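Structural overview for review
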Amino acid sequence: MRTIDDRIVHALNTTVPTVSFSGKVDATQTCKQLYESMMEAHLSRDRAIKVCIAQTSEVVGQLREGRAKDSENMALIKQLRKEQTKLKLMQSELNVEEVVNDRSLKVFRERCRIHYTPPKVK
């Protein structure tokens, strides 16, 4: 799902023309399309991670209830720890996602600032 962010520099180098070739390609339209596809990918990944966090949080809640009823059940406690670890990893993935998005937007702004200014995000 991060393909567009992993290849942002390559995409910009191959689609945004240098000053000498600026007449042959519509850089404004190219930058706009790249920005829109990048934003769509960012939102899609963000939604997917948040859905996973919500589902795992629900499982953790159920396991905690089970542990409260039967605090001696080692299999239940082991499963709860496993799910809590998964939940922490998913939450840290949101932080990673923020860093990746910031990096991509920074590179995009450096190359496309002359041709296209994205709308302000609320």
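Residues numbered from 1 in each chain as written. Predicted model: local features only at pLDDT ≥ 70, side-chain atom pairs only at ≥ 80, totals over all residues. Heavy atoms only, no water.

Some words on the packing of helix H2 (residues 8-15) against helix H3 (residues 27-69)
For the pair H2 and H3, interaxial distance at closest approach is 10 Å and the crossing angle is 160°. One finds that H2 runs roughly antiparallel with respect to H3. Our pair here, H2 against H3, has a crossing hand that is right-handed. Between H2, through Ile-8, Ala-11, Leu-12 and Thr-15, and H3, the contact on the second element is made entirely by Thr-30, Leu-34 and Met-38. (Axes fitted to C-alpha atoms, helices over the stretch in contact; angles between N-to-C directions. Helix = DSSP H or I, 4+ residues; strand = E, 2+ residues; numbered from the N terminus. Parallel < 35°, antiparallel > 145°, perpendicular 65-115°, else oblique. Left-handed = near helix turned anticlockwise from the far one by under 90°. Contact = heavy atoms within 4.5 Å.)

So, the nonpolar core
Counting 13 residues, the largest nonpolar core has Ile-8, Leu-12, Cys-31, Tyr-35, Met-38, Phe-108 and Cys-112 as the members making the most contacts within it. Elements with a minimum of two residues in this core: H2, H3 and helix H4 (74-112). When residues in this core are grouped by element, the largest group, 5 residues, is from H3. Those residues within four positions of Leu-12 in sequence are excluded, and the remaining contacts are Leu-34, Val-107, Phe-108, Arg-111 and Cys-112. (Core = buried A, V, L, I, M, F, W, Y, C linked by side-chain atoms within 4.5 Å. Buried < 20%, exposed > 50% of the residue type's maximum accessible area, 1.4 Å probe, protein only.)

Observations regarding the state of the cysteines
What the rule picks out here adds up to 1 disulfide. Between the sulfur atoms of Cys-31 and its disulfide mate Cys-112 the distance is 2.1 Å. Note on the Cys-31 and Cys-112 pair: the S-S dihedral is about -80°, so by sign convention the disulfide is left-handed. Taken together, the residues span a long stretch of sequence, with Cys-31 in helix H3 and Cys-112 in helix H4 at a distance of 81 residues. Taking the relative accessible area as the measure of exposure, Cys-31 reaches 0% and is therefore buried. Assessed through its relative accessible area of 0%, Cys-112 is described here as buried. (Disulfide = S-S within 2.5 Å.)

In short, the description is geometric, and any link to function would need to be established separately.
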